[in-house]
Amino acid sequence: MEQTVVNELDAVAVHVRNLDFYYGQVQALFGINMNIKPRQVTAFIGPSGCGKSTLLRCFNRMNEVLLGTRIAGDILIHGSDIYREGTRLESLRKRVGMVFQKSNPFPMTIFENIAFGPRMRGLREKAQLEGIVERSLKQADLWQEVKDRLNRSALDLSGGQQQRLCIARALANEPEIILMDEPASALDPISTAKIEETIQELRTNYTIVIVTHNLQQAARCSDYTAFFYLGKLVEMDATAKIFQTPTQKRTEDYISGKFG
């Protein structure tokens, strides 16, 4: 039986089991159970304050920077309990990269933004760093736009370019999973389309979890969609099924715009 469970978890990138989460005395997540498949895009949708971003940040323990937070339940990434005693947060956050809603490039050159993580891991050889920078920028679909100005400040880039730079910076650490919290919400339609194209290209090599308020974006980008309401997971299924034939009326009402 134990071997069967292990084999099942091998096919799961993120396994969430009976997860509750609290901000002080306020409970934000209630009994979340879900499996996120590897090398797929999973979208979290639902109205503001429903727990989407809170759950996303549980996957790399980002909520722990906030005083008074508390978690119960389990999160396993590729079968490993990320909340077990002795887990090194720097190692976890290398495996599970994060791209935030607002682009946050470091106030340094484009090159140094991408090389920052590898340098922190002890890489010093120039040729190696150059290779990582080029590969990461190509994966983020930014190389052609910046290859001739790698020594210029990242802050000179447009908003959309800065967000793709942040994706490239996460990729430089060679993560297994990439978390994206509303990555295109502050961008214009052209930049948003670029981000969505990048997500589609990355999904062949990475597990991606994206929080979005944009239902059209979820429908375009994701393989699976999870709908949250008031801190509870209402329904999770293949994106086409969630948008066309959801099993829960609350999901149908949200998708059809009756509330949100």
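Just above, that's the structure.
Conventions adopted
Residues numbered from 1 in each chain as written. Predicted model: local features only at pLDDT ≥ 70, side-chain atom pairs only at ≥ 80, totals over all residues. Heavy atoms only, no water. Helix = DSSP H or I, 4+ residues; strand = E, 2+ residues; numbered from the N terminus. Contact = heavy atoms within 4.5 Å. Pairing = 2+ DSSP bridges. Axes fitted to C-alpha atoms, helices over the stretch in contact; angles between N-to-C directions.

Description of the environment of phenylalanine 243
Part 1 of the argument: Here phenylalanine 243 is to be found in helix H10 (residues 239-244).
Part 2 of the argument: Sequence separation between phenylalanine 243 and arginine 70 is 173 residues; the distance between their C-alpha atoms is 33 Å.
Part 3 of the argument: With residues near it in sequence (within four places) discarded, phenylalanine 243 still touches Leu215, Ala218, Ala219, Thr225 and Ile255.

Here's the deal with the sheet that holds strand E10 (residues 232-238)
Part 1 of the argument: A sheet is described by the order of its strands in space; here 6 strands give the open sequence E6-E7-E8-E3-E9-E10, paired in mixed fashion. Only two strands of the sheet have a single neighbouring strand rather than two, namely strand E6 (96-99) and E10. Neighbouring strand axes in the sheet, compared pairwise and without regard to direction, differ in orientation by 15° on average.
Part 2 of the argument: Direction of pairing for strand E9 (residues 224-229) relative to E10: antiparallel, over a ladder of 6 bridges. Bridge pairing links threonine 225 to aspartate 237 in E10.
Part 3 of the argument: Contacting E6 and strand E7 (177-181), helix H7 (residues 159-171) crosses the sheet at an angle of about 170° to E6.
Part 4 of the argument: Along the sheet face, helix H8 (residues 189-202) touches strand E3 (41-45), E7 and strand E8 (207-211) and points at about 150° away from the line of E8.

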